[in-house]
Amino acid sequence: MKTLETLTFECETGNYHTFCPISCVAWLYQKIEDSFFLVVGTKTCGYFLQNALGVTIFAEPRYAMAESEEGDISAQLNDQEELGRICLQIKRDRNPSVIIWIGTCTTEIIKMDLEGIGPKLEKDLGIPIIVARANGLDYAFTQGEDTVLAAMTHRCPEYNVLKHKQEKDLVRGLGVNLAKTTVSYSNKQESDDCILVLFGSLPSTVASQLNPELERQSIRVSGWLPSQRYTELPPLGKGVYVCGINPFLSRTATTLMRRRKCQLIGAPFPIGPDGTRAWIEKICSVFNRKPHGLEERENQIWIGLKDYIGIVTGRSIFFMGDNLLEISIARFLIRCGMIVYEIGIPYMDKRYQAAELSLLRDTCIKMNTPMPRIVEKPDNYNQMQRMHELKPDLAITGMAHANPLEARGIDTKWSVEFTFAQIHGFTNARDVLELVTRPLRRNTDLGCLGWNNLSKQAIAI
Ligand code: SF4
């Protein structure tokens, strides 16, 4: 493979496998404890959810399908009445604090006016209704979360600078009185000056690991979008800094900046020890804090990863691309010594991912590895041809291609696992490598059996 000086971007046909974005209900209903998700679609969407979300469907989840019938499509039934009836039932049975309608391909095509009906029913039922168009026509997989969070930003209370200042003064007043007994008054003061809201849905265990990482640098996280409960959404407005923790939240970032007037901190994403350090350092630089102890912390984590790094160093990897986490994971793996041939990605927002892309470039230079080609909207068929030539040691791919590739002697890792595993922050770097090395370790164990190539087609070639 040719060594390139800069990153190259290509765009293909968009003929690739990915999950439908309505799958975001799987993790969002668990994150926002008092929510209910109603997917307004057809049996196709229902079948997908039922199969993709596996055993959770037996646990009385807080999501449901409103399945359109012939009468809905031909407008013989009244959309508002039908949805009103369903939402009333949800209110009666589950009493959630918010109902989130997920628009689908069908509601787009028949032009169901969800945004128009929502506010009317909200008034009638006395329960907030948020509309997110997470359909398969416009978005891929994790972008579903992006549409929900972008819609949710409008429901966050307004941040009141004056009120905040008064409260701060009050605390400071008390601080002066208590100064003799309080050791860290100056730290507290510093920490109160910045209003930082992090956006992106993370399991609360991971969120509670990232908060103290910033607290160590005297930066207090004022809130998360989404919060654990809908009723606890963080105040937003002028003077509030926001920072994303996931690479697929570009719409949310834009809405936060344009509609809520927040200031966006463009940082690499906290995936891998290198990414986490760069993420914290960027936030520190915005708040004029000198980061302390970060380098040692990062080095410590790298030392702890030595056993895994031994397995991956020098191995090559190919990302087919389906969840938008690809750039960050590839960057971390390059830092671990891997060679990345191609990074397929469904959608590339070069502005939102600018810091991550420049970290990727710097990492390639630092590790002296070829720059990977970045392929937006990949074509799975072409990718197969390229993989046939390049013969990577590992392919990160969806379930559709995993077994066929395994049968042709290419190890695979199912990409969806990266979306559901805990991969953020210093402490979870091990989990990423645990996932990546699993197929490699398995095949070291089974390699001696000599059954690596089981496809007739591959044998013929
Ligand atoms: S792609 Fe469209 S029709 Fe298919 S499951 Fe998703 S929203 Fe439903």
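Analysis parameters
- Residues numbered from 1 in each chain as written.
- Predicted model: local features only at pLDDT ≥ 70, side-chain atom pairs only at ≥ 80, totals over all residues.
- Heavy atoms only, no water.
- UniProt positions renumbered as here; feature names shortened; annotations may be inferred.
- Pairing = 2+ DSSP bridges.
- Helix = DSSP H or I, 4+ residues; strand = E, 2+ residues; numbered from the N terminus.
- Axes fitted to C-alpha atoms, helices over the stretch in contact; angles between N-to-C directions.
- Contact = heavy atoms within 4.5 Å.
- Buried < 20%, exposed > 50% of the residue type's maximum accessible area, 1.4 Å probe, protein only.
- Phe/Tyr/Trp six-rings, centres within 6.5 Å; stacked < 30°, edge-to-face > 60°.
- Lys NZ or Arg CZ within 6 Å of the ring centre and 35° of its normal.
- 1 Å grid on protein atoms, 1.4 Å probe; cavity = no way out; pocket = protein on both sides within 12 Å on 5 of 7 lines; lining within 4 Å.
- Points joined across faces, edges and corners; volume = space filled by probe spheres on them.
- Nonpolar A, V, L, I, M, F, W, Y, C, P; charged D, E, K, R; others polar.
- Salt bridge = Lys/Arg side-chain N within 4 Å of Asp/Glu carboxyl O.
- Right-handed = clockwise from strand over helix to strand, strands pointing away.

The name given to the chain in an unreviewed UniProt entry is Light-independent protochlorophyllide reductase subunit N, with Hymenophyllum holochilum as the source organism. According to the UniProt record, the Subunit (unreviewed entry) comment for the chain reads "Protochlorophyllide reductase is composed of three subunits; ChlL, ChlN and ChlB. Forms a heterotetramer of two ChlB and two ChlN subunits." Taken directly from UniProt, the Pathway (unreviewed entry) text for the chain runs: "Porphyrin-containing compound metabolism; chlorophyll biosynthesis (light-independent)."

Caption draft 1: Looking closely at the sheet that holds strand 9 (residues 263–265). As summarised here, the arrangement of the 4 strands in space is 7-6-8-9, forming an open sheet in which the pairing is parallel. Strand pairing shows two members of the sheet lacking a second neighbour, strand 7 (221–225) and strand 9, which therefore form its edges. Each strand of the sheet is rotated relative to its neighbour by a mean of 30°, with strand direction disregarded. Relative to strand 7, strand 6 (residues 196–199) runs parallel, the two being bridged by 4 bridges. Residue pairing for strand 7: Val-197 is matched across the bridge by Gly-223. Contacting strand 6, strand 7, strand 8 (241–244) and strand 9, helix 11 (residues 250–258) runs over the sheet at an angle of about 150° to strand 6.

Caption draft 2: Structural view of the UniProt feature "binding site: [4Fe-4S] cluster" (unreviewed entry) in the chain. The feature "binding site: [4Fe-4S] cluster" (unreviewed entry), as given by UniProt, occupies Cys-20, Cys-45 and Cys-105 in the numbering adopted here. A maximum C-alpha distance of 10.2 Å is found for the annotated residues, which run over 86 residues; spatially they form one tight group. Structurally, Cys-45 can be placed in helix 2 (residues 43–52). When sequence neighbours within four positions are dropped, the list of residues in contact with Cys-45 reads Ile-22, Met-65 and Thr-104. Mapping Cys-105 onto the fold places it in helix 5 (residues 105–109). Its relative accessible area of 26% is what places Cys-105 among the partly exposed residues.

Caption draft 3: Quick look at the packing of aromatic side chains. Counting across every chain of the model gives 8 aromatic pairs. Ring geometry for Phe-19 against Phe-48: centres 5.5 Å apart, planes inclined by 90°, an arrangement best described as edge-to-face. Here Phe-19 is found in the loop between strand 1 (8–11) and helix 1 (25–31), whereas its partner Phe-48 is found in helix 2, with 29 residues between them in sequence. Cation over ring: Arg-335 sits above Trp-302, and NZ or CZ is 4.5 Å from the ring centre. The positively charged end of Lys-350 is found above the aromatic ring belonging to Phe-9, 4.2 Å away from the centroid.

Caption draft 4: Expanded view of empty space enclosed by the protein. Applying the stated criterion across every chain yields a total of 3 cavities of 30 Å³ or more. Put simply, the largest cavity is a space of about 60 Å³. Looking at the largest cavity, the residues that line it are Tyr-16, His-17, Met-320, Gly-321, Asp-322, Asn-380, Thr-397, Gly-398, His-401 and Ser-415. Tallied by class, the residues present in the lining of the largest cavity amount to 2 nonpolar, 7 polar and 1 charged. Put simply, the second largest cavity is a space of about 40 Å³. Of the residues assigned to the lining of the second largest cavity, the class counts are 6 nonpolar, 2 polar and no charged.

Caption draft 5: Seen up close, the pattern of salt bridges. This structure, assessed with the given rule, holds 24 salt bridges. With its nearest N and O atoms 3.0 Å apart, the salt bridge here joins Glu-115 to Arg-133. Placement of Glu-115 in helix 6 (residues 114–125) and of Arg-133 in strand 5 (residues 129–133) is noted, with a sequence separation of 18 residues between them. What makes Glu-115 partly exposed here is its relative accessible area of 39%.

Caption draft 6: Region of interest: the sheet that holds strand 1. Judged by pairing direction, the sheet is parallel, and its 6 strands sit side by side in the order 1-12-11-10-13-14 without closing on themselves. Each having just a single partner strand, strand 1 and strand 14 (411–414) make up the two edges of the open sheet. The sheet shows a mean angle of 20° between the axes of neighbouring strands, direction not considered. Sheet topology note: the strand 10 (residues 316–319)/strand 11 (residues 339–345) ladder contains 4 bridges and is parallel. The residue bridging Ser-316 from the neighbouring strand is Ile-339, located in strand 11.

Caption draft 7: Expanded view of the pairing of strand 11. Burial analysis of strand 11 places 6 of its 7 residues in the buried class, the great majority of the element. With helix 15 (residues 326–335) bridging strand 10 and its parallel neighbour strand 11, the resulting β-α-β unit is right-handed. Note that strand 11 and strand 12 (residues 373–376) share 4 bridges and pair parallel. Across the sheet, residue Ile-343 finds its bridge partner in strand 12, namely Ile-374. The handedness of the strand 11 to strand 12 crossover, carried by helix 16 (residues 354–367), is right-handed.

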